[in-house]
Amino acid sequence: MAHHQNQNQVKAKKHLGQHFLNDESVAEKIANTLTLEHYKTVLEIGPGMGVLTKYLLKKDLTTYVIEIDTESVAYLQANYLNLAPRIIEKDFLKFDLNDVFKGEPFAIIGNFPYNISTQIVFKTLEMRDQIPEFSGMFQKEVAQRICSKEGSKVYGILSVLTQAFYDAEYLFTVPPNVFNPPPKVDSGVLRLKRKVNFTLPCDEKLFFKTVKTAFQQRRKTLRNSLKTFNISDNLKANPIFGKRPEQLCVEDFIALTQLIENDV
Ligand code: SAH
């Protein structure tokens with residue numbers, strides 16, 4: 001298929017976190033992180049000029065893209081005619097994805113806009129029942145944080161909440177020089193696979209609140225950082241409360257939530 005580049009390149013806009021990938025082999029490698037298990041549809045966040053999109057379109061998948069930038073959308077419409085009906089010109093964070101997906105499962109992929117990376121992960125966690133797989137590129141430090149285990153310096157809220165529902169793998173590092181303009185830091189590609197047949201065995205709101213509150217004062221023991229939870233003296237004597245949050249694995253946080261739930 002002839003590929004007519006009948007429009008000028010999009011000029012990168014800083015406030016939209018635009019760093020366009022200009023290395024085809026990296027784009028293809030990111031597209032290939034999808035396992036294609038448990039879904040037939042993929043949503044790419046922030047396609048820009050479609051460097052990653054073109055490799056998604058070669059797969060046995062229905063590809064949708066969501067892009068906030070009007071100029072990028074015009075570029076995609078002109079250069080990827082087959083994609084046109086599946087270009088959503090919206091803010092990923094604000095758009096109700098079920099206006100399009102109607103409760104059906106879909107995977108998420110992207111070379112994500114780094115200014116909203118944490119919010120992208122939180123929205124994914126909210127919609128996890130519909131999202132069996134999530135892969136793509138963040139700042140390296142954020143990708144490492146999401147995948148890190150207890151005891152690591154970067155282990156935190158994002159690590160625990162993500163790994164409660166997904167198996168997280170850090171896949172590879174991408175240097176700044178393959179982007180235009182180059183970002184200041186290295187990037188990292190990860191893949192999240194939703195745990196099969198898993199339901200959180202504790203109150204979800206309390207679990208999120210416990211993890212967030214514990215890490216807000218990560219140097220303190222849980223006995224001190226969870227003061228506002230009004231835990232009974234009896235429960236506070238449990239050795240888990242002598243620990244700091246970075247010492248607890250996901251299962252420990254679940255057990256902790258259950259203890260708090262059952263405290264009288
Ligand atoms: N995937 C392209 C572009 C990556 S830059 C490439 O690899 O070259 C990040 C992209 O996310 C930009 O195109 C930017 O316009 C888009 N973007 C930024 N904020 C967004 C949001 N809230 N919703 C959807 N897209 C967004």
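Here is what the cut-offs are and how they apply
Residues numbered from 1 in each chain as written. Predicted model: local features only at pLDDT ≥ 70, side-chain atom pairs only at ≥ 80, totals over all residues. Heavy atoms only, no water. UniProt positions renumbered as here; feature names shortened; annotations may be inferred. Helix = DSSP H or I, 4+ residues; strand = E, 2+ residues; numbered from the N terminus. Buried < 20%, exposed > 50% of the residue type's maximum accessible area, 1.4 Å probe, protein only. Pairing = 2+ DSSP bridges. Right-handed = clockwise from strand over helix to strand, strands pointing away. Salt bridge = Lys/Arg side-chain N within 4 Å of Asp/Glu carboxyl O.

## Overview of the UniProt feature "domain: Ribosomal RNA adenine methylase transferase N-terminal" (unreviewed entry) in the protein chain
Alright, step 1. Those residues carrying the UniProt feature "domain: Ribosomal RNA adenine methylase transferase N-terminal" (unreviewed entry) are residues 26–196 in this numbering.
Alright, step 2. Counting secondary structure, residues 26–196 comes out at 30% helix and 25% strand; the distance between its end C-alpha atoms is 29 Å.

## Considering the pairing of strand β6 (residues 133–139)
Alright, step 1. With seven of seven residues buried, β6 lies mostly within the body of the structure.
Alright, step 2. Direction of pairing for strand β5 (residues 107–111) relative to β6: parallel, over a ladder of four bridges. Counterpart to N111 in the pairing with β6 is M137.
Alright, step 3. For the crossover from β5 across helix α5 (residues 117–126) to β6, the handedness is right-handed.
Alright, step 4. Across seven bridges, the pairing between β6 and strand β9 (residues 187–194) is antiparallel. Bridge pairing in β9 links F138 to G188.

## Let's talk about the pattern of salt bridges
Alright, step 1. In the structure shown here, the tally under the stated rule is eleven salt bridges.
Alright, step 2. Linking E24 and K54 is a salt bridge whose minimum nitrogen-to-oxygen distance equals 3.0 Å. In this pair, E24 sits in helix α1 (residues 24–31) while K54 sits in helix α2 (residues 53–56), placing the two residues 30 residues apart along the sequence.
Alright, step 3. For E24, a relative accessible area of 38% corresponds to the partly exposed category.
Alright, step 4. Accessibility expressed as a relative area gives 26% for K54, which makes it partly exposed.
Alright, step 5. Residues E204 and R128 are paired through a salt bridge, measuring 2.7 Å at the closest nitrogen-oxygen approach. A residue pair is termed long-range when its members are at least 10 positions apart, and E204 in helix α8 (residues 204–216) and R128 in the loop between α5 and β6 qualify at 76 residues.
Alright, step 6. Given the relative accessible area of 36%, E204 is considered partly exposed.
Alright, step 7. In this structure R128 comes out as buried when scored by relative accessible area, which is 13%.
Alright, step 8. The network of salt bridges with shared partners includes R218, R219, R244 and E246.

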